[in-house]
Amino acid sequence: LVDITVEQTALTDSFVVSNGDTLRYAKEGEKYQIKITVKNNSLADAKNVELLDLLPDYVTVADFRVAPFLMSEDSASWKISLLAGSASKVFQFSATVPDSMPGGLNLLINKVFVSAENDDPATLTNNSSVDTVYNAVAQLVDITVEQTALTDSFVVSNGDTLRYAKEGEKYQIKITVKNNS
């Protein structure tokens, strides 16, 4: 029996390290790389290895270094008939974020799973990996602001109410902010 593992990394232009974790960001229209490494941690050969990648929503994938065995709109899969003991294989491709994304925080989640015909059932905890690229899009809002002066004196002229205050007289300003979104 063998211990087969999978790891992945998204390679973006923008990232921040927070509490030891690297958070990666991609802007609208940006292209980034996804690198997946399948490794056989055993001395024995892994037979009929299958890698399944559930691709992130929204993105367009291209530039595969190793062509997928099977490709659909939301997934790609590869087959390796034999992965030698202690060997690894790298799969890399690009993902492009569309020029127009929904407003707010979009999670571009990539999930990968690997299996082998002779995989040890006791070592399945390292057979999957999830990586997230964040895409933040400002949400535009429609706001109106109204200002009204509240005075004791006013005149109506041509349908407009003109308010005025005499010298030393107190008056109030009423400001109304309305979110029309």
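Located above this text is the structure these notes cover.
Computed from a prediction, not measured in an experiment: that's the story for all the values here.

A. Representation of the overall build of the protein chain. When its secondary structure is counted, the protein chain shows zero helices and 15 strands. The C-alpha atoms of the protein chain give a radius of gyration of 29 Å, which is well past the 16 Å a tight globule of 181 residues would have. Once the C-alpha set of the protein chain is aligned to its principal axes, its extents read approximately 95 × 30 × 25 Å. Classification of the 181 residues of the protein chain by burial places 31% in the buried group. A separation threshold of at least 6 residues defines the contact pool for the protein chain, and within that pool the share at least 24 residues apart is 74%. Element-wise, carbon and sulfur atoms account for 49% of the exposed surface of the protein chain, whose accessible area totals about 11,600 Å². One finds the centroid of the 15 positive side-chain charges in the protein chain at a distance of 4 Å from the centroid of its 24 negative side-chain charges.

B. Quick look at the packing of aromatic side chains. Applying the stated criterion across every chain yields a total of five aromatic pairs. For the ring pair W78 and F91, a centre distance of 5.2 Å and an interplane angle of 45° mean the geometry is tilted. Linking W78 in strand 8 (residues 75–83) with F91 in strand 9 (residues 88–96), this pair joins segments that are 13 residues apart in sequence. Both residues of the pair, W78 and F91, belong to the buried class. A centroid spacing of 6.3 Å and a plane angle of 25° characterise the contact between W78 and F93, whose relative ring orientation is stacked.

C. Structural view of the sheet that holds strand 1 (residues 4–11). As summarised here, the arrangement of the four strands in space is 1-4-9-6, forming an open sheet in which the pairing is antiparallel. Strands with a single pairing partner mark the edges of an open sheet, and in this sheet they are strand 1 and strand 6 (60–62). On average, each strand axis in the sheet is tilted by 25° relative to the strand beside it, whichever way the strands run. Sheet topology note: the strand 4 (residues 31–40)/strand 9 ladder contains nine bridges and is antiparallel. Across the sheet, residue I36 finds its bridge partner in strand 9, namely F91.

D. Representation of the nonpolar core within the structure. Membership of the largest hydrophobic core comes to 30 residues, with the highest contact counts inside it found for I4, Y32, I36, V38, V49 and L51. Of all the elements in the fold, those that place two or more residues in this core are strand 1, strand 4, strand 5 (46–54), strand 8, strand 9, strand 10 (104–115) and strand 11 (128–137). Non-local contacts of I36, meaning those with residues more than four positions away in its chain, are made with V6, E7, Q8, L51, D53, K89, V90, F91, F93 and V112.

E. Local environment of the sheet that holds strand 7 (residues 70–71). Strand order in this open sheet of seven strands is 2-3-11-10-5-8-7, and the pairing throughout is mixed. If you trace the sheet from one side to the other, it starts and ends with strand 2 (14–18) and strand 7, each paired once. Where strand 2 meets strand 3 (residues 21–25), five bridges bridge the pair, whose relative direction is antiparallel. The partner of V17 across the bridge, within strand 3, is T22.

F. How the structure looks around the environment of A165. Mapped onto the elements, A165 comes out in the loop between strand 14 (160–164) and strand 15 (172–179). Overall, the relative accessible area of 32% leaves A165 in the partly exposed class. With 12 residues separating them in the primary sequence, A165 and S153 have C-alpha atoms 6.3 Å apart. The contacts of A165, once residues within four sequence positions are left out, are T151 and Y171.

What counts and how
Residues numbered from 1 in each chain as written. Predicted model: local features only at pLDDT ≥ 70, side-chain atom pairs only at ≥ 80, totals over all residues. Heavy atoms only, no water. Helix = DSSP H or I, 4+ residues; strand = E, 2+ residues; numbered from the N terminus. Rg over C-alpha atoms; globule rule 2.2 N^0.38 Å. Buried < 20%, exposed > 50% of the residue type's maximum accessible area, 1.4 Å probe, protein only. Contact = heavy atoms within 4.5 Å. Areas by Shrake-Rupley, 256 points an atom, 1.4 Å probe, with all protein chains shown as cover. Lys, Arg positive; Asp, Glu negative; His and termini not counted. Charge placed at Lys NZ, Arg CZ, Asp CG, Glu CD. Phe/Tyr/Trp six-rings, centres within 6.5 Å; stacked < 30°, edge-to-face > 60°. Pairing = 2+ DSSP bridges. Axes fitted to C-alpha atoms, helices over the stretch in contact; angles between N-to-C directions. Core = buried A, V, L, I, M, F, W, Y, C linked by side-chain atoms within 4.5 Å.

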